[in-house]
Amino acid sequence: MSTTRPLSRHPVLVESGVSTRTRVAIVGGGIIGLASAWQLLRAGCAVTVLDPSVGGGATNAAAGMITPSSEATFGHEALLAASIASAARWPTFAEQLSADSGLPVELCREGTLFVAADHDDELVLARQARLLERHHRSVDRLPSRAARRLEPALSPRLAGSLLIEDESSVDPRQVAQALRVAITRLGGEFRRVHARPQLRAGRVIGAVPASEAACPDGGGPCHADVTVLAGGWATTDLATGLGLHVPIRPLKGQVLRLRPAAPDVLHRVVRASVHGRFVYLVPRSSGEVVVGATSEDVGPDASVTAGAVHDLLHDAIEIVPELSEAVLVESLSGLRPATPDNLPIVGAVGIDGLVVAAGHGRDGILLAPLTAEAVLAEVLGQPSPQHADHFAPQRFSRTEGP
Ligand code: GLY
(Lines give C-alpha, C1' and ligand atoms only; values in the text may rest on other atoms or scores of the structure.)
Protein backbone atom coordinates (compact mmCIF):
# COMPACT_ATOMS: atom_id res chain seq x y z
CA MET A 1 0.00 0.00 0.00
CA SER A 2 1.44 3.34 -0.92
CA THR A 3 -0.04 5.62 1.76
CA THR A 4 -2.33 5.35 4.76
CA ARG A 5 -4.49 8.36 4.00
CA PRO A 6 -8.14 7.72 4.83
CA LEU A 7 -10.88 8.48 2.33
CA SER A 8 -12.44 11.87 2.39
CA ARG A 9 -16.12 12.03 3.33
CA HIS A 10 -18.46 10.89 0.57
CA PRO A 11 -22.01 10.79 1.93
CA VAL A 12 -23.55 13.41 -0.29
CA LEU A 13 -21.94 15.26 -3.14
CA VAL A 14 -23.13 18.82 -3.44
CA GLU A 15 -22.83 20.34 -6.90
CA SER A 16 -24.15 23.84 -7.58
CA GLY A 17 -26.36 23.59 -4.53
CA VAL A 18 -27.97 20.34 -5.76
CA SER A 19 -27.48 17.25 -3.61
CA THR A 20 -26.72 14.02 -5.47
CA ARG A 21 -26.41 10.55 -4.00
CA THR A 22 -22.96 9.08 -3.53
CA ARG A 23 -22.41 6.51 -6.28
CA VAL A 24 -20.72 3.31 -5.17
CA ALA A 25 -19.49 0.52 -7.47
CA ILE A 26 -18.92 -2.81 -5.77
CA VAL A 27 -16.68 -5.25 -7.60
CA GLY A 28 -17.72 -8.66 -6.31
CA GLY A 29 -21.17 -10.03 -5.47
CA GLY A 30 -20.37 -12.54 -2.74
CA ILE A 31 -21.68 -12.17 0.80
CA ILE A 32 -19.34 -9.24 1.57
CA GLY A 33 -20.13 -7.25 -1.58
CA LEU A 34 -23.86 -7.91 -1.25
CA ALA A 35 -24.07 -7.08 2.47
CA SER A 36 -22.10 -3.88 1.89
CA ALA A 37 -24.30 -2.92 -1.07
CA TRP A 38 -27.44 -3.41 0.99
CA GLN A 39 -26.17 -1.28 3.90
CA LEU A 40 -25.00 1.47 1.52
CA LEU A 41 -28.41 1.54 -0.18
CA ARG A 42 -30.16 1.75 3.19
CA ALA A 43 -27.96 4.78 3.95
CA GLY A 44 -29.03 6.49 0.72
CA CYS A 45 -26.16 5.72 -1.66
CA ALA A 46 -26.67 4.68 -5.30
CA VAL A 47 -25.07 1.25 -5.70
CA THR A 48 -24.06 -1.00 -8.59
CA VAL A 49 -22.73 -4.52 -7.94
CA LEU A 50 -20.54 -5.97 -10.71
CA ASP A 51 -20.11 -9.73 -10.80
CA PRO A 52 -20.73 -12.37 -13.48
CA SER A 53 -22.01 -14.80 -10.85
CA VAL A 54 -23.72 -13.02 -7.93
CA GLY A 55 -23.88 -15.20 -4.80
CA GLY A 56 -21.54 -17.76 -6.37
CA GLY A 57 -18.00 -18.64 -5.32
CA ALA A 58 -17.21 -19.17 -1.66
CA THR A 59 -20.65 -17.85 -0.60
CA ASN A 60 -22.40 -20.61 -2.52
CA ALA A 61 -20.27 -23.27 -0.82
CA ALA A 62 -20.34 -21.80 2.70
CA ALA A 63 -21.96 -23.68 5.55
CA GLY A 64 -23.17 -20.48 7.25
CA MET A 65 -21.83 -21.02 10.77
CA ILE A 66 -22.17 -18.05 13.12
CA THR A 67 -19.81 -19.74 15.55
CA PRO A 68 -17.21 -17.39 17.00
CA SER A 69 -16.48 -19.60 20.03
CA SER A 70 -16.37 -23.09 18.63
CA GLU A 71 -14.05 -22.05 15.80
CA ALA A 72 -11.85 -19.79 17.96
CA THR A 73 -8.17 -20.63 18.18
CA PHE A 74 -5.37 -19.62 20.53
CA GLY A 75 -3.42 -16.57 19.38
CA HIS A 76 -6.29 -15.06 17.34
CA GLU A 77 -7.88 -12.84 19.97
CA ALA A 78 -8.57 -9.94 17.56
CA LEU A 79 -10.50 -12.30 15.28
CA LEU A 80 -12.44 -13.64 18.25
CA ALA A 81 -13.40 -10.13 19.38
CA ALA A 82 -14.50 -9.13 15.87
CA SER A 83 -16.38 -12.41 15.42
CA ILE A 84 -18.27 -11.93 18.69
CA ALA A 85 -19.14 -8.36 17.67
CA SER A 86 -20.40 -9.49 14.27
CA ALA A 87 -22.32 -12.50 15.61
CA ALA A 88 -24.17 -10.14 17.97
CA ARG A 89 -25.35 -8.15 14.93
CA TRP A 90 -26.73 -11.19 13.08
CA PRO A 91 -30.26 -11.25 14.64
CA THR A 92 -30.95 -7.63 13.64
CA PHE A 93 -29.23 -8.12 10.28
CA ALA A 94 -31.46 -11.13 9.52
CA GLU A 95 -34.63 -9.39 10.70
CA GLN A 96 -34.00 -6.23 8.67
CA LEU A 97 -32.97 -8.21 5.62
CA SER A 98 -36.12 -10.27 5.78
CA ALA A 99 -38.20 -7.06 6.06
CA ASP A 100 -36.40 -5.38 3.14
CA SER A 101 -36.56 -8.42 0.87
CA GLY A 102 -39.89 -9.93 1.88
CA LEU A 103 -38.09 -13.29 2.05
CA PRO A 104 -37.33 -15.55 5.01
CA VAL A 105 -33.86 -15.25 6.53
CA GLU A 106 -33.77 -18.03 9.08
CA LEU A 107 -31.27 -17.84 11.91
CA CYS A 108 -31.03 -21.19 13.69
CA ARG A 109 -30.13 -20.22 17.28
CA GLU A 110 -29.77 -23.61 18.95
CA GLY A 111 -26.04 -23.26 19.65
CA THR A 112 -23.21 -25.66 18.84
CA LEU A 113 -22.37 -29.08 20.20
CA PHE A 114 -18.64 -29.73 19.95
CA VAL A 115 -18.06 -33.46 20.32
CA ALA A 116 -15.06 -35.78 20.62
CA ALA A 117 -14.81 -39.16 18.90
CA ASP A 118 -12.12 -40.59 21.22
CA HIS A 119 -10.12 -39.73 24.32
CA ASP A 120 -7.43 -37.87 22.40
CA ASP A 121 -10.16 -35.78 20.78
CA GLU A 122 -11.45 -35.04 24.28
CA LEU A 123 -8.17 -33.21 24.92
CA VAL A 124 -8.98 -30.96 21.95
CA LEU A 125 -12.33 -30.15 23.58
CA ALA A 126 -10.70 -29.48 26.93
CA ARG A 127 -8.30 -27.07 25.27
CA GLN A 128 -11.20 -25.28 23.53
CA ALA A 129 -13.07 -25.03 26.82
CA ARG A 130 -10.00 -23.46 28.49
CA LEU A 131 -9.68 -20.93 25.67
CA LEU A 132 -13.35 -19.96 25.94
CA GLU A 133 -13.31 -19.78 29.74
CA ARG A 134 -10.29 -17.51 29.54
CA HIS A 135 -12.38 -15.18 27.35
CA HIS A 136 -15.50 -15.53 29.53
CA ARG A 137 -17.44 -17.24 26.75
CA SER A 138 -20.34 -19.50 27.61
CA VAL A 139 -19.34 -23.19 27.44
CA ASP A 140 -20.73 -26.26 29.26
CA ARG A 141 -18.95 -29.61 29.48
CA LEU A 142 -21.62 -32.27 28.92
CA PRO A 143 -21.40 -36.02 29.43
CA SER A 144 -22.14 -37.86 26.18
CA ARG A 145 -25.52 -39.03 27.52
CA ALA A 146 -26.62 -35.41 27.99
CA ALA A 147 -25.40 -34.55 24.49
CA ARG A 148 -27.48 -37.41 23.07
CA ARG A 149 -30.54 -36.09 24.84
CA LEU A 150 -30.07 -32.89 22.84
CA GLU A 151 -29.14 -34.71 19.63
CA PRO A 152 -30.40 -38.30 19.70
CA ALA A 153 -28.80 -39.09 16.32
CA LEU A 154 -25.28 -38.74 17.76
CA SER A 155 -23.24 -41.91 18.04
CA PRO A 156 -23.41 -43.57 21.51
CA ARG A 157 -19.63 -44.05 21.33
CA LEU A 158 -18.60 -40.38 21.66
CA ALA A 159 -15.99 -39.57 24.31
CA GLY A 160 -17.28 -36.16 25.41
CA SER A 161 -18.91 -32.92 24.36
CA LEU A 162 -19.17 -29.18 24.92
CA LEU A 163 -22.34 -27.17 24.54
CA ILE A 164 -21.79 -23.62 23.32
CA GLU A 165 -25.19 -22.00 23.54
CA ASP A 166 -24.78 -18.54 22.04
CA GLU A 167 -24.02 -19.67 18.48
CA SER A 168 -26.19 -19.97 15.39
CA SER A 169 -26.24 -20.68 11.67
CA VAL A 170 -27.84 -19.36 8.50
CA ASP A 171 -28.21 -20.69 4.98
CA PRO A 172 -25.85 -18.49 2.91
CA ARG A 173 -27.77 -19.24 -0.30
CA GLN A 174 -30.96 -17.99 1.33
CA VAL A 175 -29.14 -14.91 2.65
CA ALA A 176 -27.60 -14.15 -0.75
CA GLN A 177 -30.98 -14.45 -2.45
CA ALA A 178 -32.57 -12.12 0.14
CA LEU A 179 -29.74 -9.63 -0.33
CA ARG A 180 -30.17 -9.74 -4.10
CA VAL A 181 -33.89 -9.00 -3.78
CA ALA A 182 -33.43 -6.33 -1.08
CA ILE A 183 -30.77 -4.57 -3.17
CA THR A 184 -33.03 -4.54 -6.22
CA ARG A 185 -36.01 -3.30 -4.18
CA LEU A 186 -33.90 -0.45 -2.79
CA GLY A 187 -32.91 0.61 -6.32
CA GLY A 188 -29.49 -1.05 -6.53
CA GLU A 189 -28.28 -2.41 -9.85
CA PHE A 190 -26.46 -5.55 -10.88
CA ARG A 191 -24.14 -5.95 -13.84
CA ARG A 192 -23.10 -9.46 -14.80
CA VAL A 193 -19.51 -8.64 -15.77
CA HIS A 194 -15.98 -9.35 -14.65
CA ALA A 195 -14.88 -5.84 -13.73
CA ARG A 196 -11.76 -4.07 -12.59
CA PRO A 197 -11.28 -0.65 -10.98
CA GLN A 198 -10.60 2.28 -13.29
CA LEU A 199 -7.82 4.68 -12.28
CA ARG A 200 -7.61 8.22 -13.63
CA ALA A 201 -5.25 10.95 -12.42
CA GLY A 202 -4.43 9.06 -9.23
CA ARG A 203 -8.06 8.43 -8.29
CA VAL A 204 -10.32 5.43 -8.80
CA ILE A 205 -13.34 6.70 -10.73
CA GLY A 206 -15.38 3.50 -10.92
CA ALA A 207 -15.13 0.10 -12.55
CA VAL A 208 -14.87 -1.09 -16.13
CA PRO A 209 -15.37 -4.52 -17.70
CA ALA A 210 -12.08 -6.39 -17.40
CA SER A 211 -12.16 -7.06 -21.15
CA GLU A 212 -14.62 -6.92 -24.04
CA ALA A 213 -15.20 -10.64 -23.62
CA ALA A 214 -16.02 -10.04 -19.95
CA CYS A 215 -18.84 -7.69 -20.91
CA PRO A 216 -21.84 -9.74 -22.08
CA ASP A 217 -24.23 -6.95 -21.06
CA GLY A 218 -22.64 -4.64 -23.63
CA GLY A 219 -22.35 -1.90 -21.01
CA GLY A 220 -19.41 0.44 -20.64
CA PRO A 221 -17.76 1.92 -17.56
CA CYS A 222 -19.60 2.21 -14.26
CA HIS A 223 -18.67 5.64 -12.89
CA ALA A 224 -18.60 5.91 -9.11
CA ASP A 225 -17.45 8.20 -6.33
CA VAL A 226 -16.28 5.18 -4.34
CA THR A 227 -15.34 1.73 -5.65
CA VAL A 228 -15.30 -1.21 -3.23
CA LEU A 229 -13.13 -4.20 -4.11
CA ALA A 230 -14.96 -7.21 -2.66
CA GLY A 231 -13.78 -9.90 -5.02
CA GLY A 232 -12.68 -12.50 -2.48
CA TRP A 233 -9.26 -13.99 -3.28
CA ALA A 234 -9.33 -12.35 -6.75
CA THR A 235 -9.04 -8.98 -4.96
CA THR A 236 -5.27 -9.41 -4.86
CA ASP A 237 -5.04 -9.25 -8.66
CA LEU A 238 -7.48 -6.33 -8.86
CA ALA A 239 -5.34 -4.44 -6.33
CA THR A 240 -2.05 -5.41 -7.95
CA GLY A 241 -3.31 -3.74 -11.14
CA LEU A 242 -3.36 -0.50 -9.13
CA GLY A 243 0.09 -1.06 -7.64
CA LEU A 244 -1.31 -2.14 -4.24
CA HIS A 245 -0.25 -5.05 -2.04
CA VAL A 246 -3.36 -6.83 -0.74
CA PRO A 247 -2.23 -10.34 0.25
CA ILE A 248 -5.15 -12.76 -0.15
CA ARG A 249 -4.81 -16.36 -1.31
CA PRO A 250 -7.40 -19.03 -2.13
CA LEU A 251 -7.92 -21.61 0.63
CA LYS A 252 -9.92 -24.49 -0.75
CA GLY A 253 -12.82 -25.90 1.26
CA GLN A 254 -14.66 -28.98 0.05
CA VAL A 255 -18.18 -29.54 1.38
CA LEU A 256 -21.01 -32.02 0.92
CA ARG A 257 -24.79 -31.72 1.16
CA LEU A 258 -26.64 -34.77 2.44
CA ARG A 259 -30.38 -35.44 2.53
CA PRO A 260 -31.05 -37.83 5.43
CA ALA A 261 -33.87 -40.35 5.17
CA ALA A 262 -35.60 -38.84 8.22
CA PRO A 263 -36.11 -35.09 8.67
CA ASP A 264 -34.72 -33.29 11.74
CA VAL A 265 -31.73 -35.60 12.18
CA LEU A 266 -29.89 -32.67 13.76
CA HIS A 267 -31.18 -29.49 15.44
CA ARG A 268 -28.02 -27.46 15.84
CA VAL A 269 -24.47 -27.14 14.50
CA VAL A 270 -22.36 -30.14 15.46
CA ARG A 271 -18.62 -29.72 15.28
CA ALA A 272 -16.42 -32.72 15.96
CA SER A 273 -12.85 -33.73 16.45
CA VAL A 274 -12.61 -37.19 14.87
CA HIS A 275 -9.26 -38.90 15.59
CA GLY A 276 -7.49 -35.56 15.23
CA ARG A 277 -9.44 -34.27 12.23
CA PHE A 278 -12.21 -31.65 12.36
CA VAL A 279 -15.60 -32.01 10.72
CA TYR A 280 -18.79 -30.00 11.09
CA LEU A 281 -22.42 -30.79 10.38
CA VAL A 282 -24.84 -27.92 9.81
CA PRO A 283 -28.56 -28.70 9.52
CA ARG A 284 -30.80 -26.72 7.16
CA SER A 285 -34.50 -26.14 7.69
CA SER A 286 -35.05 -28.13 4.46
CA GLY A 287 -33.76 -31.20 6.30
CA GLU A 288 -30.44 -31.27 4.46
CA VAL A 289 -27.16 -31.41 6.37
CA VAL A 290 -24.04 -29.61 5.17
CA VAL A 291 -20.83 -31.50 5.95
CA GLY A 292 -17.53 -29.61 5.85
CA ALA A 293 -14.87 -28.83 5.27
CA THR A 294 -11.34 -29.28 4.07
CA SER A 295 -8.79 -26.46 4.36
CA GLU A 296 -6.34 -26.87 1.51
CA ASP A 297 -3.62 -24.41 0.54
CA VAL A 298 -3.46 -25.61 -3.06
CA GLY A 299 -3.95 -22.42 -5.05
CA PRO A 300 -6.92 -21.67 -7.29
CA ASP A 301 -8.03 -25.29 -7.70
CA ALA A 302 -11.74 -25.85 -7.09
CA SER A 303 -11.88 -29.54 -7.95
CA VAL A 304 -13.69 -32.03 -5.73
CA THR A 305 -11.48 -34.97 -4.80
CA ALA A 306 -12.34 -38.56 -3.92
CA GLY A 307 -10.16 -38.46 -0.80
CA ALA A 308 -11.88 -35.39 0.62
CA VAL A 309 -15.36 -36.80 -0.05
CA HIS A 310 -14.26 -40.05 1.59
CA ASP A 311 -12.86 -38.34 4.69
CA LEU A 312 -15.84 -36.01 5.15
CA LEU A 313 -18.31 -38.88 4.81
CA HIS A 314 -16.27 -41.15 7.07
CA ASP A 315 -16.07 -38.54 9.84
CA ALA A 316 -19.71 -37.43 9.51
CA ILE A 317 -20.97 -41.01 9.70
CA GLU A 318 -18.76 -41.77 12.68
CA ILE A 319 -20.45 -38.91 14.55
CA VAL A 320 -24.01 -39.43 13.21
CA PRO A 321 -24.22 -43.07 12.04
CA GLU A 322 -27.60 -42.76 10.33
CA LEU A 323 -26.08 -40.38 7.79
CA SER A 324 -24.83 -43.51 6.01
CA GLU A 325 -28.40 -43.82 4.66
CA ALA A 326 -28.53 -40.20 3.49
CA VAL A 327 -28.60 -39.19 -0.18
CA LEU A 328 -25.45 -37.38 -1.28
CA VAL A 329 -27.10 -34.38 -2.92
CA GLU A 330 -24.09 -32.27 -3.76
CA SER A 331 -20.33 -32.13 -3.46
CA LEU A 332 -18.55 -28.89 -4.20
CA SER A 333 -15.63 -26.76 -3.24
CA GLY A 334 -15.28 -23.07 -2.47
CA LEU A 335 -12.13 -20.97 -2.49
CA ARG A 336 -12.06 -19.00 0.75
CA PRO A 337 -10.14 -15.71 0.61
CA ALA A 338 -7.41 -16.14 3.25
CA THR A 339 -4.96 -13.58 4.60
CA PRO A 340 -1.61 -14.13 6.37
CA ASP A 341 -3.07 -13.28 9.82
CA ASN A 342 -6.60 -14.70 9.28
CA LEU A 343 -8.17 -11.25 9.65
CA PRO A 344 -9.98 -9.63 6.73
CA ILE A 345 -8.71 -6.54 4.95
CA VAL A 346 -11.33 -3.79 5.09
CA GLY A 347 -10.86 -0.07 4.59
CA ALA A 348 -9.22 2.63 2.54
CA VAL A 349 -5.95 1.74 0.88
CA GLY A 350 -4.41 5.08 0.04
CA ILE A 351 -5.96 5.73 -3.38
CA ASP A 352 -8.84 8.21 -3.40
CA GLY A 353 -12.17 6.64 -4.24
CA LEU A 354 -11.08 3.10 -3.35
CA VAL A 355 -12.05 0.79 -0.47
CA VAL A 356 -11.12 -2.88 -0.05
CA ALA A 357 -13.39 -5.41 1.70
CA ALA A 358 -12.04 -8.93 1.29
CA GLY A 359 -9.94 -11.67 2.87
CA HIS A 360 -12.51 -13.12 5.28
CA GLY A 361 -11.14 -16.66 5.14
CA ARG A 362 -13.36 -19.12 7.02
CA ASP A 363 -15.51 -16.30 8.42
CA GLY A 364 -17.19 -14.47 5.54
CA ILE A 365 -20.75 -15.21 6.62
CA LEU A 366 -20.00 -14.63 10.30
CA LEU A 367 -18.23 -11.31 9.67
CA ALA A 368 -20.60 -9.94 7.00
CA PRO A 369 -22.66 -7.65 9.29
CA LEU A 370 -19.62 -6.03 10.93
CA THR A 371 -17.82 -5.71 7.59
CA ALA A 372 -20.80 -4.07 5.87
CA GLU A 373 -20.97 -1.58 8.74
CA ALA A 374 -17.23 -0.90 8.40
CA VAL A 375 -17.56 -0.33 4.64
CA LEU A 376 -20.47 2.05 5.23
CA ALA A 377 -18.47 3.95 7.87
CA GLU A 378 -15.53 4.21 5.47
CA VAL A 379 -17.70 5.55 2.64
CA LEU A 380 -19.39 8.04 4.99
CA GLY A 381 -16.05 9.11 6.47
CA GLN A 382 -17.09 7.93 9.93
CA PRO A 383 -15.03 6.03 12.51
CA SER A 384 -14.76 2.30 12.06
CA PRO A 385 -17.08 0.21 14.30
CA GLN A 386 -15.41 -1.27 17.37
CA HIS A 387 -13.27 -4.33 16.58
CA ALA A 388 -13.36 -3.65 12.82
CA ASP A 389 -10.27 -1.49 13.34
CA HIS A 390 -8.36 -4.81 13.40
CA PHE A 391 -9.19 -5.12 9.70
CA ALA A 392 -7.20 -2.03 8.64
CA PRO A 393 -5.37 -2.69 5.36
CA GLN A 394 -2.36 -0.67 6.50
CA ARG A 395 -1.06 -3.61 8.55
CA PHE A 396 0.20 -5.04 5.27
CA SER A 397 1.74 -1.81 4.00
CA ARG A 398 5.06 -2.39 2.37
CA THR A 399 7.67 0.01 3.64
CA GLU A 400 10.00 1.45 1.05
CA GLY A 401 13.71 0.78 1.51
CA PRO A 402 16.16 3.69 1.98
N1 GLY B 1 -16.51 -21.45 8.51
C2 GLY B 1 -16.33 -22.78 8.12
C3 GLY B 1 -15.46 -22.99 6.95
O4 GLY B 1 -14.98 -22.08 6.33
O5 GLY B 1 -15.24 -24.13 6.64
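Our subject is the structure listed above.
Residues numbered from 1 in each chain as written. Predicted model: local features only at pLDDT ≥ 70, side-chain atom pairs only at ≥ 80, totals over all residues. Heavy atoms only, no water.

Colleague: Before we go on, may I ask you to explain the layout of surface pockets in this structure?
Modeller: By rolling a water-sized probe across the atoms, one finds the places where empty space is left. Approximately 690 Å³ is the volume attributed to the second largest pocket. As for the second largest pocket, its lining consists of 35 residues, of which Glu71, Ala72, Thr73, Arg271 and Arg362 are closest to the centre. Counting residues per element, the ones that place at least two in the lining of the second largest pocket are helix 3 (77–101), helix 4 (119–134), strand 15 (249–259) and strand 17 (277–283). Here the lining of the second largest pocket is composed, by residue class, of 13 nonpolar, 14 polar and 8 charged. (1 Å grid on protein atoms, 1.4 Å probe; cavity = no way out; pocket = protein on both sides within 12 Å on 5 of 7 lines; lining within 4 Å. Points joined across faces, edges and corners; volume = space filled by probe spheres on them. Helix = DSSP H or I, 4+ residues; strand = E, 2+ residues; numbered from the N terminus. Nonpolar A, V, L, I, M, F, W, Y, C, P; charged D, E, K, R; others polar.)

Colleague: Explanation requested: the side chain of Thr236 in the structure shown.
Modeller: Summarising the element assignment, Thr236 is placed in helix 7 (residues 235–240). Among the polar contacts made by the side chain of Thr236, one reaches the main-chain amide nitrogen of Ile248 at a distance of 2.9 Å. Thr236 has contacts with Val246, Pro247 and Ile248, leaving out every residue within four places of it along the chain. (Polar contact = N/O pair within 3.5 Å; in protein donor to acceptor, adjacent residues only side chain to side chain. Contact = heavy atoms within 4.5 Å.)

Colleague: What should I look at first to understand the site of the ligand in this one?
Modeller: All residues in the neighbourhood of the ligand are listed as Glu71, Tyr280, Ala293, Arg336 and Arg362. Between Tyr280 and the ligand, the recorded distance is 2.6 Å, taken from a side-chain N or O atom to an oxygen atom. In the complex, 89% of the free accessible area of the ligand, which totals 200 Å², lies under the protein chains. Tallied by class, residues from the shell around the ligand come to 2 nonpolar, no polar and 3 charged. (Near = heavy atom within 4 Å. Areas by Shrake-Rupley, 256 points an atom, 1.4 Å probe, with all protein chains shown as cover.)

Colleague: When you look at the sheet that holds strand 7 (residues 140–142) in this model, what are you seeing that I'm missing?
Modeller: Whenever strands of a sheet pair, they do so through backbone hydrogen bonds, lying parallel or antiparallel. Read from one edge to the other, the open sheet built from 8 strands follows the order 7-8-6-16-17-18-15-19, with strand pairing classed as mixed. Each edge of the open sheet carries a strand with a single partner, namely strand 7 and strand 19 (327–338). This sheet shows a mean twist of 20° between the axes of neighbouring strands, independent of strand direction. One ladder, built from 5 bridges, connects strand 6 (residues 112–116) with strand 8 (residues 160–164); its direction is antiparallel. Each residue of the ladder has a partner; that of Thr112, found in strand 8, is Ile164. The strands touched by helix 8 (residues 306–319) are strand 6, strand 15, strand 16 (269–274), strand 17, strand 18 (289–292) and strand 19; relative to strand 17, the strand with the most contacts, the crossing angle is about 70°. (Pairing = 2+ DSSP bridges. Axes fitted to C-alpha atoms, helices over the stretch in contact; angles between N-to-C directions.)

Colleague: Any chance you could explain the nonpolar core here in plain terms?
Modeller: Burial of nonpolar side chains together is a common tendency in soluble globular proteins. The biggest cluster of nonpolar side chains holds 53 residues, and the ones touching the most others in it are Val24, Ile26, Leu40, Val47, Trp90 and Leu97. Among the secondary structure elements, those contributing two or more residues to this core are strand 3 (23–27), helix 1 (31–42), strand 4 (46–50), helix 3, helix 6 (172–185), strand 14 (226–229), strand 21 (354–358) and helix 9 (364–380). By residue number, the principal contributor to this core is helix 9, which donates 11 residues. Beyond its immediate chain neighbours, meaning those up to four positions away, Leu40 contacts Val24, Ile26, Cys45, Val47, Val375, Leu376 and Val379. (Core = buried A, V, L, I, M, F, W, Y, C linked by side-chain atoms within 4.5 Å. Buried < 20%, exposed > 50% of the residue type's maximum accessible area, 1.4 Å probe, protein only.)

Colleague: Whenever I open this one, the sheet that holds strand 20 (residues 345–348) confuses me. Can you help?
Modeller: The strand order across the open sheet built from 6 strands is 10-4-3-14-21-20, with neighbouring strands paired in mixed fashion. The sheet terminates laterally at strand 10 (189–191) and strand 20, the two strands that pair on one side only. Strand-to-strand twist across the sheet, computed as the mean angle between neighbouring axes with direction ignored, equals 20°. When strand 3 meets strand 4, the two strands line up parallel, connected through 5 bridges. Across the sheet, residue Ile26 finds its bridge partner in strand 4, namely Val49. Relative to strand 3, helix 1 is tilted by about 170°, and along the sheet it contacts strand 3, strand 4, strand 10 and strand 21.

Colleague: In this structure, what is going on with the pairing of strand 21? I would like to understand it.
Modeller: Sheet faces and side chains relate simply in a regular strand, where the side chains alternate between the two faces. The element strand 21 is largely enclosed, with a buried count of 5 among its 5 residues. Here strand 21 shows a buried face lined by Leu354, Val356 and Ala358 and a second buried face lined by Val355 and Ala357. Bridge count between strand 14 and strand 21: 3 bridges; the pairing is parallel. Bridge pairing in strand 21 links Thr227 to Leu354. Examined bridge by bridge, strand 20 and strand 21 share 4 bridges and lie antiparallel to one another. Considered in strand 21, the bridge of Gly347 is made with Val356. Connecting the antiparallel pair strand 20 and strand 21 is a turn made up of 5 residues, with Gly350 showing a positive phi of about 95°.

Colleague: Where do I start with the packing of helix 3 against helix 6 in this structure?
Modeller: The description of two packed helices rests on the angle between their axes and on the distance between the axes. Taken N-terminus to C-terminus, the directions of helix 3 and helix 6 make an angle of 55°; their axes are 8 Å apart at the nearest point. With respect to helix 6, the element helix 3 is oriented oblique. Crossing of helix 3 against helix 6: the hand is left-handed. On the side of helix 3, the interface is formed by Trp90, Leu97, Ala99, Asp100 and Ser101, while helix 6 contributes Val175, Ala178, Leu179, Val181, Ala182 and Arg185. Considered class by class, the residues forming the contact of helix 3 with helix 6 number 8 nonpolar, 1 polar and 2 charged. (Parallel < 35°, antiparallel > 145°, perpendicular 65-115°, else oblique. Left-handed = near helix turned anticlockwise from the far one by under 90°.)

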